[in-house]
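# What the coordinates show
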Amino acid sequence: GRNAFGHAALPNLLNNLPDNSIPAAIARLGTGVAIVSGFPLMFAGFKAALDAALPSLVPSDIKKEEVIQNLPSSFTSIIFEALPLRTTLHLVSLLFIGFAAAIATEEDIGLVIEIIGSTIGCAAAYIVPSIAAIATKSLPTFHRRAAFIIALTGSILSICSTYITLQHA
């Protein structure tokens, strides 16, 4: 951004573009479409995990009427009465996620992304490949010991970067 817009570049590059430009409008539209179409992909994994965990999370003797009674509004209860229990639980969980997203501020989301980046980045770059090397018996002992040191260093980097992120929050 700095090379294109100078030292006054805003963090969101789309905000640096002129308001009345057709290419800028296309770029903003493309970004919006990418964000909107990405959310169903993210929640598809959540739905699959919820389906897999549902038998252990929900007691087998629970009745859908008990779930509906605990919902706050009679209008909401009427909507959920026609749905199967699994669909009702999916919708209730998505409502809670939507509520959390609606009250979250940009700073809250930024902190979560920074923490995820510091942990998953170190795991992907150092820890997981090193664990795979450690588990490979065909590698020489020297390589497996070096992989252990790299995994340990990656773990320390992950902890330190998370600590630094939380200190600046």
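Residues numbered from 1 in each chain as written. Predicted model: local features only at pLDDT ≥ 70, side-chain atom pairs only at ≥ 80, totals over all residues. Heavy atoms only, no water.

### Thoughts on the overall build of the chain
The following threshold applies: Each helix is a run of DSSP H or I of at least 4 residues and each strand a run of E of at least 2, with the numbering of both proceeding from the N terminus. Exposure categories follow from relative accessible area, calculated using a 1.4 Å probe and restricted to protein chains: below 20% of the type maximum is buried, above 50% is exposed, and the middle band is partly exposed. Note on contacts: a residue pair is in contact if any heavy atoms of the two residues lie within 4.5 Å. Surface accessibility in these figures is a Shrake-Rupley result with a 1.4 Å probe; residues are shielded only by whichever protein chains are displayed.
Helix and strand counts for the chain come out as seven helices and zero strands. When its helices and strands are written in sequence order, the chain yields α-α-α-α-α-α-α. Residue burial in the chain is summarised as follows: out of 169 residues, 18% are buried. Taking contacts inside the chain between residues at least 6 apart in sequence as the whole, the part at least 24 apart equals 42%. Working note: accessible area of the chain is about 12,500 Å², and carbon and sulfur atoms make up 70% of it.

### Regarding the side chain of Ser130
Operational definition: Pairs of N or O atoms within 3.5 Å make up the polar contacts considered here, provided that, within protein, one atom can donate a hydrogen while the other can accept it, and that residues adjacent in sequence are counted only when both atoms are side-chain atoms.
Relative to the helices and strands, Ser130 resides in helix α6 (residues 106-135). Taking the relative accessible area as the measure of exposure, Ser130 reaches 4% and is therefore buried. Separated by 3.4 Å, the side chain of Ser130 and the backbone oxygen of Ala147 make a polar contact. Here Ser130 is in contact with Ala147, Ile150 and Ala151, once residues within four sequence places are set aside.

### Remarks on helix α7 (residues 141-167)
Since the α-helix packs 3.6 residues into each turn, any two residues three or four apart lie on the same face. For clarity, the threshold we go by: To estimate the expected span of a helix, count its residues, drop one, and scale the result by 1.5 Å.
With 27 residues, α7 extends 39 Å between its outermost C-alpha atoms, agreeing within 8% with the 39 Å of an ideal straight helix rising 1.5 Å per residue. Of the positions making up α7, those classed as buried are Ala147, Ala151, Gly154, Ser158, Thr162 and Thr165.

### Digging into a nonpolar patch on the surface
Going by this rule: Patch membership requires more than 30% relative accessible area and the absence of a salt bridge. Residues of like charge join within 9 Å; the nonpolar side chains Val, Leu, Ile, Met, Phe, Trp and Tyr join within 5 Å. In what follows, salt bridge is the name for a side-chain nitrogen of Lys or Arg lying within 4 Å of a carboxyl oxygen of Asp or Glu.
There is a patch of nonpolar side chains on the surface, built from Phe148, Ile149, Leu152 and Ile156 and spanning about 410 Å² of accessible area. The topology assignment puts Phe148 in helix α7.

### A few points about the confidence of the model for the chain
Note the following rule: Per residue, pLDDT captures the predictor's confidence, and it can take any value from 0 to 100.
Scored by pLDDT, the chain has a mean of 74; 61% of the residues are at 70 or more. Per-element confidence in the chain is highest for α7, whose mean pLDDT is 90, and lowest for helix α4 (residues 74-81), whose mean pLDDT is 57.

### Comments concerning the state of the cysteines
Spelled out, the test is: What counts as a disulfide here is a pair of cysteine sulfur atoms lying within 2.5 Å.
Scanning all chains against the criterion turns up zero disulfides. Sulfur of Cys122: no disulfide; nearest cysteine sulfur belongs to Cys160 and is 9.2 Å away. Assessed through its relative accessible area of 10%, Cys122 is described here as buried.

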